[in-house]
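The residues making up each chain are set out below.
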Amino acid sequence: MTEKPHLDDEALAELQDVMEDEFDVLMRTFLYDSRERIASLKQAVSEQDAEALAHTAHSFKGSCINIGAPQLGELCRAAESAGKERQLADVPAIIETIEAEFRKVTELIEEFMVR
């Protein structure tokens, strides 16, 4: 897997132009929803619910891609695939990586918003 950027500044700038005053609300909603989705991923793994894992990871992947967080989206794709294939053994490590990437993305989004 080739390393994708944490944030696509070009995509974010375009989103900011389109959303105007709603951009900050969109970013805060993304960050809040992402925390909820990470909690849902962990719950799905603890309950060995491959279907819930795949569904949550798919949804999370889409919002990451829309917001311009390609690396986070790629990690969610890996979690989604694991859920679809009912291969949950490696998912806790994937979720740890998702959490680390999300921390980085959060930091970069917050920096982007104060520019």
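Residues numbered from 1 in each chain as written. Predicted model: local features only at pLDDT ≥ 70, side-chain atom pairs only at ≥ 80, totals over all residues. Heavy atoms only, no water.

## Here we look at the pattern of salt bridges
All chains considered together, the criterion is met by 5 salt bridges. E80 serves as the salt-bridge partner of K84, at 3.2 Å between the closest nitrogen and oxygen. Remark: E80 and K84 occur in helix α4 (residues 70-84); sequence separation between them is 4 residues, near one turn of the helix. One connected set of salt bridges, linked through shared partners, spans K61, E80 and K84. (Salt bridge = Lys/Arg side-chain N within 4 Å of Asp/Glu carboxyl O. Helix = DSSP H or I, 4+ residues; strand = E, 2+ residues; numbered from the N terminus.)

## Quick look at helix α5 (residues 91-113)
With 23 residues, α5 extends 32 Å from end C-alpha to end C-alpha; this agrees with the ideal 33 Å at 1.5 Å per step. Residues of α5 that are buried include every one of V91, I94, I95, I98, E101, F102, V105, T106, I109, F112 and M113, and no others. Elements that come into contact with the buried residues of α5 comprise α1 (9-19), α2 (23-46), α3 (50-67) and α4. (Expected span 1.5 Å × (residues − 1). Buried < 20%, exposed > 50% of the residue type's maximum accessible area, 1.4 Å probe, protein only. Contact = heavy atoms within 4.5 Å.)

## Points about the side chain of T56
Examined against the element boundaries, T56 turns out to sit in helix α3. For T56, the contacting residues outside a window of four places in its chain are R37, S40 and L41.

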